[in-house]
Amino acid sequence: RHLVLVARRTDRLEALAREVTEQHGVKAHVISADLVQPGAGRTLLDEVARRGLTVDWLINNAGFGTLGRFDTLPVERELEESRLNVETLVELTGRCLPGMVARKRGAVMNIASVGGFAPSAYMATYSATKAFVLSFSEALAVEMRGTGVQVLCVCPGFTRTEFQARAAVDVSTVPSFAWMSSEEVADQAVAAVGRRAVLVNGLLNSLMTSTIRFVPRGALARMVGMMVRPKDAP
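What counts, and at which threshold
- Residues numbered from 1 in each chain as written.
- Predicted model: local features only at pLDDT ≥ 70, side-chain atom pairs only at ≥ 80, totals over all residues.
- Heavy atoms only, no water.
- Helix = DSSP H or I, 4+ residues; strand = E, 2+ residues; numbered from the N terminus.
- Rg over C-alpha atoms; globule rule 2.2 N^0.38 Å.
- Buried < 20%, exposed > 50% of the residue type's maximum accessible area, 1.4 Å probe, protein only.
- Contact = heavy atoms within 4.5 Å.
- Areas by Shrake-Rupley, 256 points an atom, 1.4 Å probe, with all protein chains shown as cover.
- Lys, Arg positive; Asp, Glu negative; His and termini not counted.
- Charge placed at Lys NZ, Arg CZ, Asp CG, Glu CD.
- Pairing = 2+ DSSP bridges.
- Axes fitted to C-alpha atoms, helices over the stretch in contact; angles between N-to-C directions.
- Core = buried A, V, L, I, M, F, W, Y, C linked by side-chain atoms within 4.5 Å.
- Right-handed = clockwise from strand over helix to strand, strands pointing away.
- Salt bridge = Lys/Arg side-chain N within 4 Å of Asp/Glu carboxyl O.
- Parallel < 35°, antiparallel > 145°, perpendicular 65-115°, else oblique.
- Left-handed = near helix turned anticlockwise from the far one by under 90°.
- Nonpolar A, V, L, I, M, F, W, Y, C, P; charged D, E, K, R; others polar.

Student: Explain the overall build of the protein chain to me, please; I cannot follow it from the model alone.
Tutor: When helices and strands are tallied, the protein chain shows eight helices and eight strands. Taken over the C-alpha trace, the protein chain has a radius of gyration of 18 Å; the compact-globule value for 234 residues is 17 Å, and the two agree within 12%. Counting all 234 residues of the protein chain, 41% fall into the buried class. Contacts in the protein chain between residues far apart in sequence, at least 24 positions, make up 68% of those at least 6 positions apart. In the form shown here, the protein chain has an accessible surface area of approximately 13300 Å², with 56% of it arising from carbon and sulfur atoms. Distance between charge centres in the protein chain, computed from 27 positive and 23 negative side chains, equals 5 Å.

Student: Would you mind showing me how to read the sheet that holds strand β3 (residues 57-60) here?
Tutor: The four strands are arranged β3-β4-β5-β8 in an open sheet whose pairing can be described as parallel. Only two strands of the sheet have a single partner each, and these edge strands are β3 and β8 (198-200). With strand direction ignored, the average angle separating the axes of adjacent strands in the sheet is 15°. Note that strand β4 (residues 106-111) and strand β5 (residues 149-155) share six bridges and pair parallel. When the bridges of β5 are listed, G106 appears paired with V149.

Student: Hey, could you run me through the nonpolar core in this one?
Tutor: Generally speaking, a soluble globular protein has its nonpolar side chains buried in company with each other. The biggest cluster of nonpolar side chains holds 31 residues, and the ones touching the most others in it are V55, L58, L97 and M100. Those elements giving two or more residues to this core turn out to be α2 (40-50), α3 (75-103), α4 (124-143) and β5. When residues in this core are grouped by element, the largest group, six residues, is from α3. Residues within four places of L97 in sequence aside, it is in contact with V108, L140, M144 and V149. Of all hydrophobic cores here, the second largest spans 11 residues; its members include L152, M180, A189 and V193.

Student: Any chance you could explain the pairing of strand β2 (residues 28-32) here in plain terms?
Tutor: Two faces make up the sheet, and in a regular strand the side chains alternate between them. As paired elements, strand β1 (residues 3-7) and β2 share five bridges and run parallel to each other. From the neighbouring strand, V4 faces β2, where its bridge partner is H29. Handedness of the crossover joining β1 and β2 through helix α1 (residues 10-24) is recorded here as right-handed.

Student: Please explain the pattern of salt bridges as it appears in this structure.
Tutor: Any two side chains of opposite charge can pair, so long as their charged atoms come close to each other. By the definition in use, this model includes seven salt bridges. Between E47 and R51 there is a salt bridge whose closest N-O contact spans 2.8 Å. Residue classification places R51 among the partly exposed positions, given a relative accessible area of 34%. Residues D56 and R103 are paired through a salt bridge, measuring 4.0 Å at the closest nitrogen-oxygen approach. A residue pair is termed long-range when its members are at least 10 positions apart, and D56 in the loop between α2 and β3 and R103 in helix α3 qualify at 47 residues.

Student: Would you mind showing me how to read unusual backbone geometry here?
Tutor: Leaving glycine aside, a negative phi is the common case for residues, and trans is the common case for peptide bonds. Despite not being glycine, K104 shows a phi value in the positive range, around 60°. For K104, a relative accessible area of 64% puts it in the exposed group. The phi dihedral of Y122 falls on the positive side, at around 75°, and the residue is not glycine. Within the secondary structure layout, Y122 lies in the loop between β4 and α4. The class for Y122 is buried, based on a relative accessible area of 15%.

Student: Could you clarify how one ought to interpret the pairing of β3 in this entry?
Tutor: The two faces of β3 differ: L58 and N60 on one face are buried, but W57 and I59 on the other face are not. Across four bridges, the pairing between β3 and β4 is parallel. When the sheet's bridge partners are listed, L58 is paired in β4 with V108. Note on the crossover from β3 through α3 to β4: the handedness is right-handed.

Student: Just to check I follow, could you spell out the packing of α2 against α3 for this structure?
Tutor: The packing of two helices is summarised by the inter-axis angle and the distance between the axes. In the contact formed by α2 and α3, the axes pass within 9 Å of each other and the chain directions differ by 40°. When the interaxial angle is binned, α2 and α3 end up oblique. Remark: the crossing between α2 and α3 carries right-handed chirality. Together, G41, R42, L44 and L45 of α2 and E91, L92, R95 and C96 of α3 make up the contact between the two elements. A breakdown of the residues in the contact of α2 with α3 according to their chemical character gives four nonpolar, one polar and three charged.

Any functional reading would require information that these geometric values do not contain.
And the structure:
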């Protein structure tokens, strides 16, 4: 499939586009955009249309997390987190889905997290946004039955990306067997489209998300919070 790659850093996008083209022989279009900004979704899709492109698969992967006790975090950053993780995802889905339904084919892949299955102290906004993505995707998957459009919510656990460093999460105590590579997560996600509505990556994560439903929510929030609590948290 030909790609439209979207992020803020044009140089990294262009390097990735060259790599994809050389290895797979597909076209990779680069659009530099900050999807946190209000209206960014409409502007992005206007540019996609201007280039004569049609979105057959929408992969909502943009997002970030913040760490700390909520009252000590800048509220502006929490609002940006909510906007990118939730509002932009809803906007892009809402603007792409009608065309997919009209063509009777397509896929929407929303990247959530195992964090969406449990409230997390010290990552309150992040876990809440991912819970929204999970619920939203599950509902859309039911609505899209019979239309030819597939909806998949992907819920990775610890994945080797830049996420942990950007969120300043201490992962030094996470055992090596708990990690997956981004390539593994991506391969599993693509293979799951059309086969299920929710994919929890990895056996360990699947077992965890299956059992935590039996744990009281208050205790669960404290347990997860103990795992991610910053050392300097008040």
